[in-house]
Amino acid sequence: VMLVLENGLIARTWGNISARVSDTHFVITPSGRSYDTLQPEDLVLVRIADCAYEGDRKPSSEKGIHAAAYKHRPEVGFVIHTHQDYASCIGVGGQSLAGLAHPLLGDCVPCASYGMPSTKKLQQGVENAMVQHPKAKAIFMRQHGALCMAQDFETAFQFAQALEEICRLEF
């Protein structure tokens, strides 16, 4: 988490990170907690099928988006939802980046339809983008940042950094 925070991919309590721990569950950062003080025991175990969780800690309000990634992408083991500067700016305009042929991100970074943060509409828009673009490694969340998905943390982090660089060059 600190590496993502130090590189400006998430800030304060914005953005969230999750990791698949089994075929049925993932752990995710808790809602409303500052990332610089998080400990492993602060992560929340969430069921992929219905986003149910146990315990006193509330999972990120974007848990449904993470669950959708694990549901639709069996190869995905790690998800980072960022609010990085340049990718967020591209996402505000609702643009997709196509024809990239990027060595890490592939041909396209689609933009999901708009939905208010933490809503089913946002989750459905991102989920639709995942289904319509099954090879996409990253998705812009219109007016709400980006989502990067990979088999492990290191690769997801590389995708987020590559996305930010590509978006910076677009400006």
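Above: the structure in question.
Remember, it's a predicted structure, so these values are computed and weren't measured experimentally. (Residues numbered from 1 in each chain as written. Predicted model: local features only at pLDDT ≥ 70, side-chain atom pairs only at ≥ 80, totals over all residues. Heavy atoms only, no water.)

**Student:** For this particular structure, what's the right way to read the environment of Tyr53?
**Tutor:** Residue position: Tyr53 is located in the loop between β3 (44-47) and α2 (63-72). In the structure, Tyr53 is positioned 26 residues away from Val27 in sequence and 9.7 Å away in space, judged by C-alpha atoms. Setting aside residues no more than four positions away along its own chain, Tyr53 makes contact with Val44, Leu45, Val46, Lys58 and Pro59. (Helix = DSSP H or I, 4+ residues; strand = E, 2+ residues; numbered from the N terminus. Contact = heavy atoms within 4.5 Å.)

**Student:** Whenever I open this one, the packing of aromatic side chains confuses me. Can you help?
**Tutor:** Taken as a whole and judged by the stated rule, the model has 3 aromatic pairs. A centroid spacing of 5.2 Å and a plane angle of 75° characterise the contact between Phe78 and Phe153, whose relative ring orientation is edge-to-face. With Phe78 in strand β4 (residues 78-82) and Phe153 in helix α5 (residues 153-170), this pair connects stretches of sequence that are 75 residues apart. Accessibility classification places Phe78 together with Phe153 in one group, the buried group. (Phe/Tyr/Trp six-rings, centres within 6.5 Å; stacked < 30°, edge-to-face > 60°. Buried < 20%, exposed > 50% of the residue type's maximum accessible area, 1.4 Å probe, protein only.)

**Student:** How do you make sense of the side chain of Thr82 when you look at a structure like this?
**Tutor:** With respect to the helices and strands, Thr82 occurs in strand β4. Look at Thr82 and you get buried, because its relative accessible area is 0%.

**Student:** How should the nonpolar core be read in this particular structure?
**Tutor:** The nonpolar side chains of a soluble globular protein tend to be buried, and buried together. Membership of the largest hydrophobic core comes to 25 residues, with the highest contact counts inside it found for Phe78, Leu105, Val109, Phe140, Leu163 and Cys167. When residues of this core are traced back to their parent elements, those giving at least two are β1 (16-20), β4, α3 (85-92), β8 (138-141), β9 (146-150) and α5. The element that contributes the greatest number of residues to this core is α5, accounting for 9 residues. Among the nonpolar cores identified, the runner-up in size contains 22 residues, and Ile48, Ala67, Val126 and Leu147 belong to it. (Core = buried A, V, L, I, M, F, W, Y, C linked by side-chain atoms within 4.5 Å.)

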